[in-house]
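# A structural walkthrough
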Amino acid sequence: MAELFMSSRQEERLYLNNRKGFIKLALREGVDIVPIYLFGNTSVLSVIKNGPLAAMSRKLKLSFTWFWGKYNLPIPRDDKLLYVAGKPIEIPKIAEPTQEDIDKYHKIYTDEVVRLFYTYKHEVPLYANKTLFIE
């Protein structure tokens, strides 16, 4: 939900620093994580980022916003989409992972997402000059 209001056609923002529950779950279950990056998902539609609908969306953690794309209609623009996947990250099974364990594998995951972004961004014209911000 956060990325919906943070990203734009000029910049990419991932709200990832405080999202570690998936790492904790993977550690408890001992399952690998496959990092992916979706290029184009923040450029095919525009959204109203401020005002009462945006504030209500943030508060309720639901999307209540006006969005538009091609011809200013709710139709996605014809921008190129590219989905890339990294190599699976091997996650050990730890019944009760410590915060140190979680932080270690979260950093590995985050570093791989950043690598994917900068390796492949030049294959999508609108992303060639974008910078990735992780918050």
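Scope of this entry: the structure provided in the associated data block.

Each value, and the rule that gives it
- Residues numbered from 1 in each chain as written.
- Predicted model: local features only at pLDDT ≥ 70, side-chain atom pairs only at ≥ 80, totals over all residues.
- Heavy atoms only, no water.
- Helix = DSSP H or I, 4+ residues; strand = E, 2+ residues; numbered from the N terminus.
- Phe/Tyr/Trp six-rings, centres within 6.5 Å; stacked < 30°, edge-to-face > 60°.
- Buried < 20%, exposed > 50% of the residue type's maximum accessible area, 1.4 Å probe, protein only.
- Lys NZ or Arg CZ within 6 Å of the ring centre and 35° of its normal.

## Let's talk about the environment of A55
Mapped onto the elements of the fold, A55 is located in helix α3 (residues 52-60). Along the sequence, A55 and T65 sit 10 residues apart, while their C-alpha atoms lie 9.5 Å from each other.

## Quick look at the packing of aromatic side chains
The full count for this structure, using the stated rule, is seven aromatic pairs. Between Y37 and F117, the ring centres sit 5.3 Å apart and the planes meet at 65°, which makes this aromatic pair edge-to-face. Placement of the pair is Y37 in strand β2 (residues 36-39) and F117 in helix α4 (residues 99-120), with a sequence separation of 80 residues. With a relative accessible area of 0%, F117 lands in the buried category. Arranged with centres 4.9 Å apart and planes meeting at 85°, the rings of F117 and Y118 form a pair that is edge-to-face. You can call Y118 partly exposed: its relative accessible area is 36%. Three or more aromatic residues link up through ring pairs in this structure, and these residues are Y37, F39, F117, Y118 and Y127. When the ring centre of F133 is taken as origin, the NZ or CZ atom of R13, which lies over that ring, is 4.2 Å away. In this structure, K130 is placed above the aromatic ring of Y127, and the distance from its NZ or CZ to the ring centre is 4.1 Å.

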